[in-house]
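Examination of the molecular architecture
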Amino acid sequence: MITYNKGILIGIPCYNEESTIKKVVEDFKRELPEAKILVVDNNSSDNTAKKAREAGAEVEREKRQGKGFAVQKIFEKFTQGYLVIVDGDDTYSPEEAHKLIDSLIQDKADMLAGNRLNKKNKKSFSTPHWWGNKMFAFFINLLFKTNLNDILSGYRVFNQNFKRNAILLSGGFEIESELTIQSIERNLKIKELPVSLKKRGGLSTSKIRTFKDGFIILYTISSLFRDYKPLEFFSVISFFSLAVGMFISWRGISEYLETGLVTHLPSLVVGGFLVLFSFISFIAGLILSSLKRRHEEIISLIKKNNF
């Protein structure tokens, strides 16, 4: 086992977890007695903060509602060593923290995510959540050309290099998607390890709104795809717009070529608009891609010269 001489911060974002947070804090204190434990209370209406303090954790309050904001607060307090982020619902095993941290250090990874999506954990998920997680992983792997398994894991370990390079903006449950995509796009090393997942302890209930939060996560993935890969994003829009425009217009075009008459003017107008939109989208992608490249060159130059 590696000696963690640079220190460990265990960050626990919490909202109404009074029935489990004390056990989570005590379990992590037992496994990692040298670690500092920080609970970020996200406007809980119960005794989450009180229970966390009783268990020996430091407690900070985050007034902006949303898990992402609580995670941002944790990163503000992460100033040295390694950061473990874990949910406060007692679904993750503190005993596995050692292997996660050890693997991060040994493999010189910047972020290590616990992979929950293995068969032994399937009973701990509802069916929509299991397949939803699979779907999000599929989309990110397709769009960002990677091969990850669990995009939304709440059990992660980070080093200081991740903090220096990542800028977190997401405020809700889409924060895990942003952590993953920023790692990919900023060329940070990602590693995954299988972890166990228990059913929720105590009276803890899921805060995820399946359809609403699922839509927000999908929107976040598409937005980050647009921001980080603008040429690919707008090329997809351009292709479909061109294909639909040509399909709508083809009947009118073929009729004009055969008879010299136009009797389907509305379809030609709509089709022409879509074709024009296709070209505009592609040009927008080219311009934004060029701007993104210049931005990356500037950031690289700043880092190289330690400005």
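Residues numbered from 1 in each chain as written. Predicted model: local features only at pLDDT ≥ 70, side-chain atom pairs only at ≥ 80, totals over all residues. Heavy atoms only, no water.

Let's talk about the overall build of the chain
Helix and strand content of the chain: 10 helices and 7 strands. Along the three orthogonal principal directions, the C-alpha set of the chain runs to about 85 × 50 × 35 Å. The proportion of buried residues among the 307 residues of the chain is 49%. Surface exposure of the chain reaches about 16,400 Å², of which carbon and sulfur atoms provide 60%. Of the charged side chains in the chain, 44 are positive and 34 negative, and the gap between their average positions amounts to 1 Å. (Helix = DSSP H or I, 4+ residues; strand = E, 2+ residues; numbered from the N terminus. Buried < 20%, exposed > 50% of the residue type's maximum accessible area, 1.4 Å probe, protein only. Areas by Shrake-Rupley, 256 points an atom, 1.4 Å probe, with all protein chains shown as cover. Lys, Arg positive; Asp, Glu negative; His and termini not counted. Charge placed at Lys NZ, Arg CZ, Asp CG, Glu CD.)

A look at the nonpolar core
Counting residues in each nonpolar core, the largest one holds 35 residues, and the members touching the most others are Ile 10, Ile 12, Val 25, Phe 28, Val 39 and Tyr 155. If you list the elements that add at least two residues to this core, you get β1 (8–14), α1 (21–31), β2 (36–41), α2 (48–54), β4 (82–85) and α4 (97–106). Not counting the four nearest positions on each side in its chain, Val 39 is found in contact with Ile 12, Cys 14, Ile 21, Val 25, Ala 52, Ala 57, Glu 58, Val 59 and Glu 60. Ranked by size, the runner-up nonpolar core spans 18 residues in total, among them Leu 9, Val 71, Ile 175 and Leu 179. (Core = buried A, V, L, I, M, F, W, Y, C linked by side-chain atoms within 4.5 Å. Contact = heavy atoms within 4.5 Å.)

Let's talk about α4
Burial analysis of α4 places 7 of its 10 residues in the buried class, which makes it a mostly covered element. Along α4, the residues that are buried comprise Ala 97, His 98, Leu 100, Ile 101, Asp 102, Ser 103 and Leu 104. Structurally, α4 contributes buried residues whose contacts are with β1, α1, β4, β5 (111–115), β6 (156–158) and β7 (190–194). Residue Lys 108 follows α4 closely and has a positive phi angle near 50°.

Some words on the pattern of salt bridges
Going through the model one piece at a time under the given rule, you end up with 16 salt bridges. Note that Glu 58 and Lys 36 form a salt bridge whose closest N and O atoms lie 3.2 Å from each other. Taken as a pair, Glu 58 in strand β3 (residues 58–61) and Lys 36 in strand β2 lie far apart in primary sequence, 22 residues in all. On the accessibility criterion, Glu 58 (31% relative accessible area) is partly exposed. With relative accessibility at 40%, the residue Lys 36 sits in the partly exposed group. For Asp 90, the salt bridge goes to Lys 198, with nearest N and O atoms at 3.2 Å. Here Asp 90 is found in the loop between β4 and α4, whereas its partner Lys 198 is found in the loop between β7 and α8 (210–228), with 108 residues between them in sequence. (Salt bridge = Lys/Arg side-chain N within 4 Å of Asp/Glu carboxyl O.)

Some details on unusual backbone geometry
Working note: non-glycine residues mostly have negative phi, and peptide bonds are mostly trans. Positive phi, close to 60°, is recorded for Asp 90, a residue that is not glycine. Phi is positive for Asn 187, which is not a glycine, with a value near 55°. Relative to the assigned elements, Asn 187 resides in the loop between α7 (175–185) and β7.

Here's the deal with the environment of Leu 168
Structurally, the position occupied by Leu 168 is in the loop between α6 (160–165) and α7. Spatially, the C-alpha atom of Leu 168 lies 7.2 Å from that of Glu 178, the residues being 10 residues apart in sequence. If sequence neighbours within four positions are ignored, Leu 168 has contacts with Val 71, Gln 72, Phe 75, Ile 175, Glu 178, Leu 179 and Gln 182.

A look at the sheet that holds β3
Note: strands within a sheet are paired through backbone hydrogen bonds, in either parallel or antiparallel orientation. Across the sheet, which stays open at both edges, the 7 strands sit in the order β3-β2-β1-β4-β6-β5-β7 with mixed pairing between neighbours. Across the chains shown, the open sheet's two edge strands, defined by having one partner strand only, are β3 and β7. On average, adjacent strands in this sheet sit at an angle of 20° to one another, irrespective of strand direction. Across the sheet, helix α3 (residues 67–77) is in contact with β1, β2, β3, β4 and β6; its angle to β1 comes to roughly 160°. Sheet strands in contact with α4 are β1, β4, β5, β6 and β7, and its direction is about 150° off that of β7. (Pairing = 2+ DSSP bridges. Axes fitted to C-alpha atoms, helices over the stretch in contact; angles between N-to-C directions.)

Let's talk about a nonpolar patch on the surface
There is a patch of nonpolar side chains on the surface, built from Ile 283, Ile 287, Leu 288 and Leu 291 and spanning about 370 Å² of accessible area. Mapped onto the elements, Ile 287 comes out in helix α10 (residues 265–305). (Patch = residues over 30% accessible without salt bridge, like charges linked within 9 Å, V, L, I, M, F, W, Y side chains within 5 Å.)

Considering α7
Among the 11 residues that make up α7, 11 are buried, leaving the element largely enclosed by the rest of the structure. Residues of α7 that are buried: Ile 175, Glu 176, Ser 177, Glu 178, Leu 179, Thr 180, Ile 181, Gln 182, Ser 183, Ile 184 and Glu 185. Asn 187 sits one or two residues past α7 and shows a positive phi near 55°.

Description of the side chain of Ser 93
As for its placement among the helices and strands, Ser 93 is situated in the loop between β4 and α4. Looking at Ser 93, its side chain comes within polar contact range of the side chain of Glu 95, at 2.6 Å. If sequence neighbours within four positions are ignored, Ser 93 has contacts with Tyr 155 and Ser 196. (Polar contact = N/O pair within 3.5 Å; in protein donor to acceptor, adjacent residues only side chain to side chain.)

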